[in-house]
Amino acid sequence: MTNKPEVIRLHGYLEENLQDYKKASMFLAFPKCSFKCATEQGLNPEEICQNYFNIKEQIKEYPLFELYEVYRKNPITEAFVLGGLEPLDSFDDVWSFISFIRDNALLEDDIVIYTGYYPEEIKDKIDKLKKFKNIYLKCGRFRIGQERHYDEVLGVNLANEEQFGIKIS
Ligand code: SF4
């Protein structure tokens, strides 16, 4: 009997992404969000959510080992960005992915989670993730009418003043 490979559910991935972190990264697109940024502002997510275009993509299962192999064979990438929609609304899959990279692949490369939550809203998840080294968060809602700014932690421009990067471990 063969064991089924462990999988996570994504809209897809980009093998190389140069815009969300200071290091070239593999980008994983997680498929869920409550669309809090829009509903809190009384807006339709389609109007303001910069990730809404992903919603029409098919959700597929990706074996963790295959994702790792894509990363391992790429000579340019040296970090991962977990984005989406809202990766922390798929926390079980985020946990599976990070556990695989740290505990099975034995890689300590930077992992950046692009979340719309603020740290005080996800304290339980941050406490769990602190077990791993080199975990970063991009925190904060998307708000309309604010300026982009450079974030020193992530080394890239973020979409508005409410967003900021932190290193949690
Ligand atoms: S958290 Fe991200 S995907 Fe969700 S509503 Fe905000 S910008 Fe859109």
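Residues numbered from 1 in each chain as written. Predicted model: local features only at pLDDT ≥ 70, side-chain atom pairs only at ≥ 80, totals over all residues.

(A) Focus on the site of the ligand. In the region of the ligand, 13 residues are neighbours, and Cys-33, Cys-37, Cys-49, Gly-116 and Phe-142 sit closest. Considering each element in turn, the shell around the ligand owes the most residues, three residues, to helix H1 (residues 36-40). Residues belonging to the shell around the ligand are distributed by class as follows: eight nonpolar, three polar and two charged. (Near = placed C-beta within 6 Å. Helix = DSSP H or I, 4+ residues; strand = E, 2+ residues; numbered from the N terminus. Nonpolar A, V, L, I, M, F, W, Y, C, P; charged D, E, K, R; others polar.)

(B) Quick peek at the pairing of strand E1 (residues 7-10). A one-sided burial pattern is seen for E1, the buried positions being Ile-8 and Leu-10 and the unburied ones Val-7 and Arg-9. Alignment of E1 against strand E4 (residues 60-63), held across four bridges, turns out to be antiparallel. Within the sheet, the bridge partner assigned to Leu-10 lies in E4 and is Lys-60. (Buried ≥ 20, exposed ≤ 12 C-beta atoms within 10 Å, placed from the backbone. Pairing = 2+ DSSP bridges.)

(C) Structural context of the sheet that holds strand E5 (residues 79-84). Pairing within the open sheet is mixed, and its six strands lie in the order E2-E3-E5-E6-E7-E10. Both edges of this open sheet fall to strand E2 (12-17) and strand E10 (164-167), since each of them pairs with a single strand only. Taken over all neighbouring pairs, the strand axes of this sheet differ in orientation by 20° on average, direction set aside. Pairing geometry for E5 and strand E6 (residues 110-114), over four bridges, is parallel. Paired with Ala-79 across the bridge in E6 is Asp-110. (Axes fitted to C-alpha atoms, helices over the stretch in contact; angles between N-to-C directions.)

(D) Up close: unusual backbone geometry. A positive phi is found at Phe-35, a non-glycine position, where the angle reads about 60°. By the element assignment, Phe-35 lies in the loop between strand E3 (25-30) and H1. Not every positive phi belongs to a glycine, and Asn-134 is a case in point at roughly 60°. With respect to the helices and strands, Asn-134 occurs in the loop between helix H5 (123-129) and strand E7 (135-139). By the C-beta count within 10 Å, which is 15 here, Asn-134 ends up partly exposed.

(E) Geometry of the nonpolar core. The biggest cluster of nonpolar side chains holds 34 residues, and the ones touching the most others in it are Leu-28, Phe-80, Val-81, Leu-82, Ile-111, Val-112 and Ile-113. Residue contacts for Ile-111: discarding those within four places in its chain leaves Phe-80, Leu-82, Ile-98, Ile-101, Asn-134 and Ile-135. (Core = buried A, V, L, I, M, F, W, Y, C linked by C-beta atoms within 7 Å. Contact = placed C-beta atoms within 7 Å.)

(F) View of the environment of Ile-122. Here Ile-122 shows up in the loop between E6 and H5. As for Ile-122 and Leu-88, which are separated by 34 residues in sequence, their C-alpha atoms are 8.6 Å apart. Contact partners of Ile-122, with chain neighbours within four places excluded, come to Leu-88, Thr-115 and Tyr-117.

(G) View of helix H4 (residues 91-104). The end-to-end C-alpha distance of H4 is 19 Å, a good match for the 20 Å that 14 residues give at a rise of 1.5 Å each. Looking only at H4, the buried set comprises Asp-93, Val-94, Phe-97 and Ile-101. Buried residues in H4, looked at end-on, bunch into an arc of 110°, giving them a common side. Every exposed residue of H4 that faces more than 90 degrees away from the buried side is listed here: Asp-92, Asp-103 and Asn-104. Buried-residue contacts for H4 involve E1, E3, helix H3 (64-73), E5 and E6. Two residues or fewer past H4, Leu-106 is found with a positive phi of approximately 60°. (Expected span 1.5 Å × (residues − 1). Arc of directions from axis to C-beta.)

By themselves these figures say nothing about function.
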